[in-house]
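Residue-level structural notes
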Amino acid sequence: MNRIIQIILTIILFNSGFAQSSVEELMKKANQFYVNGQFEEAIRTYEELTQQGYEGTSLFYNLGNAYYRIGKIGYAIMYYEKAAKLSPDDEDVKHNLQLAQMNVKDKIEALPSFFLFRIWESILSGLSADGWTMMSYALFLLFLFALGFYFFAKNIAQQKAAFYSFVVLLIFFLVSASLLIVKLNQESKLKYGIVLNTSLTAKTSPDPQGKDAFVIHEGLKVKVEDKVDKWIKIRLEDGQIGWVEKESIGII
């Protein structure tokens, strides 16, 4: 029985190691294509990894760069946004995203929002879901440490310090955990996409014969609100709503 378990574990570890090696080789191959200026080949190789379900800041960032170099601004922005979603504080990603966004034709003014809502969104977007998860874990461990120190304190002064510490840490932990829940809920329900077509006419209904609502262009970020067959409902920052075919929008 033990022998069978050993064989199964060996097979699993071998396959895991082989898969990791394959991913690294594809990344190296794609990076070499990029360095050589073979951007189309680099994109095809990077896309092999995304089609296999791999995600990562470097992968999305490199894809954004490759698409930017061949002038596909919509795809470039979509992948920079995906990278920014995983690593909101990455300076290289933010810089290249801003650079690519300068090529977007549409300059749409957002509807004014309440200042408290803007502050809330700023705090929430300060970390990714993984970032808020790590923050919550760290605060919880510190809280447990302070709680343990309280029970083993050698005098009243130490006990008071431990008490105030774990109360403060508990508050920070609850805030962090709340932000994590909101972030996860937001990511599961709230979808954004990038216009991939050079020019895109939105309809007033999910029908090719429907009336034209407005025209938007490559690289514009839109909110995705609904889906009907091959159509999706989008909302612009100024509040306009329209329907477009889903292939024309790259979901972030």
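Remember, predicted model here, so these are calculated numbers, not experimental data.

This part covers the layout of surface pockets. Space inside the largest pocket adds up to approximately 1,600 Å³. Forming the walls of the largest pocket are 40 residues, and the residues nearest its centre are E81, E121, Y192, K221 and E237. When residues of the lining of the largest pocket are traced back to their parent elements, those giving at least two are helix 4 (73–86), helix 5 (91–101), helix 6 (115–124), helix 8 (156–189), strand 1 (191–195) and strand 4 (221–228). Residues of the lining of the largest pocket, tallied by class, amount to 18 nonpolar, eight polar and 14 charged. Lining the second largest pocket we find E55, F60, K82, K85, L86, S128, A129, D130, E187 and I252. For the lining of the second largest pocket, the element with the most residues is helix 4, which contributes three residues. For the lining of the second largest pocket, the class distribution of residues is four nonpolar, one polar and five charged.

Regular strands place side chains that alternate from one sheet face to the opposite one. Across four bridges, strand 1 lies against strand 4 in antiparallel orientation. The partner of I194 across the bridge, within strand 4, is K221. Both strand 1 and strand 7 (residues 249–251) contribute to a ladder of three bridges, which runs antiparallel. In the sheet register, G193 faces strand 7, and the bridge partner there is I251.

It is worth spelling out the pattern of salt bridges at this point. A complete count under the given rule lists five salt bridges for this structure. Between K230 and E245 there is a salt bridge, with the nearest N and O atoms lying 3.9 Å from each other. Taken together, the residues K230 in the loop between strand 4 and strand 5 (231–235) and E245 in strand 6 (residues 241–245) connect sequence positions 15 residues apart. On the accessibility criterion, E245 (35% relative accessible area) is partly exposed.

If you check the backbone angles, D229 has positive phi at about 50 degrees while not being a glycine. Looking at the element boundaries, D229 is found in the loop between strand 4 and strand 5. In this structure D229 comes out as exposed when scored by relative accessible area, which is 68%.

Taken together, the side chains of F114, F115, L116, F117, I119, W120, I123 and V182 define a hydrophobic patch exposed on the protein surface, amounting to about 760 Å² of accessible area. Per-element tally for the nonpolar patch: the top contributor is helix 6, with six residues. Here I123 falls in the partly exposed class, since its relative accessible area comes to 44%.

For the rest of this paragraph, the subject is the packing of aromatic side chains. Within the structure shown, the criterion is met by 13 aromatic pairs. Three or more aromatic residues joined by ring pairs form one cluster here, namely F140, F143, Y150, F151, F163, Y164, F166 and F173. One cation-aromatic arrangement involves K82 over F60; the distance from NZ or CZ to the ring centre is 5.6 Å. The side chain of K221 reaches across the aromatic face of Y192, ending 5.1 Å from its centre.

This paragraph deals with the confidence of the model for the chain. This prediction gives the chain a mean pLDDT of 88; 92% of its residues lie at or above 70. Throughout residues 9–14 the model reports pLDDT below 50, and contacts reaching past four residues in sequence, or to other chains, amount to zero contacts.

The next point concerns the environment of K107. Tracing the sequence through the fold places K107 in the loop between helix 5 and helix 6. Using a relative accessible area of 61% as the deciding quantity, one classes K107 as exposed. K107 sits 19 residues away from G126 along the chain, and the two C-alpha atoms are 25 Å apart. Excluding residues within four positions of it along the chain, K107 makes contact with Q101 and M102. Engagement of the side chain of K107 in a polar contact is seen with the backbone oxygen of V104, the distance being 2.9 Å.

For the rest of this paragraph, the subject is the packing of helix 3 (residues 57–69) against helix 4. Orientation of helix 3 relative to helix 4, taken along the N-to-C sense of each, is 160 degrees, at an axis distance of 8 Å. Comparing their axes, helix 4 and helix 3 come out roughly antiparallel. Here helix 3 runs over helix 4; the crossing is left-handed. Across the interface between the two elements, T57, F60, Y61, L63, G64, N65, Y67 and Y68 of helix 3 pack against I73, Y75, A76, Y79, Y80, K82, A83 and L86 of helix 4.

To continue, consider the nonpolar core. Among the nonpolar cores identified, the biggest contains 43 residues, and I216, V222, I234 and I249 are the most heavily contacted of them. Take this core: its biggest share by element is eight residues, from helix 4. Among all residues touching I234, those that are not within four sequence positions of it are F214, I216, V222, K223, Q240, I241, G242 and V244. Listed in part, the seven residues of the second largest apolar core include L139, F143, F166 and F173.

Conventions we followed
- Residues numbered from 1 in each chain as written.
- Predicted model: local features only at pLDDT ≥ 70, side-chain atom pairs only at ≥ 80, totals over all residues.
- Heavy atoms only, no water.
- 1 Å grid on protein atoms, 1.4 Å probe; cavity = no way out; pocket = protein on both sides within 12 Å on 5 of 7 lines; lining within 4 Å.
- Points joined across faces, edges and corners; volume = space filled by probe spheres on them.
- Helix = DSSP H or I, 4+ residues; strand = E, 2+ residues; numbered from the N terminus.
- Nonpolar A, V, L, I, M, F, W, Y, C, P; charged D, E, K, R; others polar.
- Pairing = 2+ DSSP bridges.
- Salt bridge = Lys/Arg side-chain N within 4 Å of Asp/Glu carboxyl O.
- Buried < 20%, exposed > 50% of the residue type's maximum accessible area, 1.4 Å probe, protein only.
- Patch = residues over 30% accessible without salt bridge, like charges linked within 9 Å, V, L, I, M, F, W, Y side chains within 5 Å.
- Areas by Shrake-Rupley, 256 points an atom, 1.4 Å probe, with all protein chains shown as cover.
- Phe/Tyr/Trp six-rings, centres within 6.5 Å; stacked < 30°, edge-to-face > 60°.
- Lys NZ or Arg CZ within 6 Å of the ring centre and 35° of its normal.
- pLDDT = per-residue confidence, 0-100.
- Contact = heavy atoms within 4.5 Å.
- Polar contact = N/O pair within 3.5 Å; in protein donor to acceptor, adjacent residues only side chain to side chain.
- Axes fitted to C-alpha atoms, helices over the stretch in contact; angles between N-to-C directions.
- Parallel < 35°, antiparallel > 145°, perpendicular 65-115°, else oblique.
- Left-handed = near helix turned anticlockwise from the far one by under 90°.
- Core = buried A, V, L, I, M, F, W, Y, C linked by side-chain atoms within 4.5 Å.

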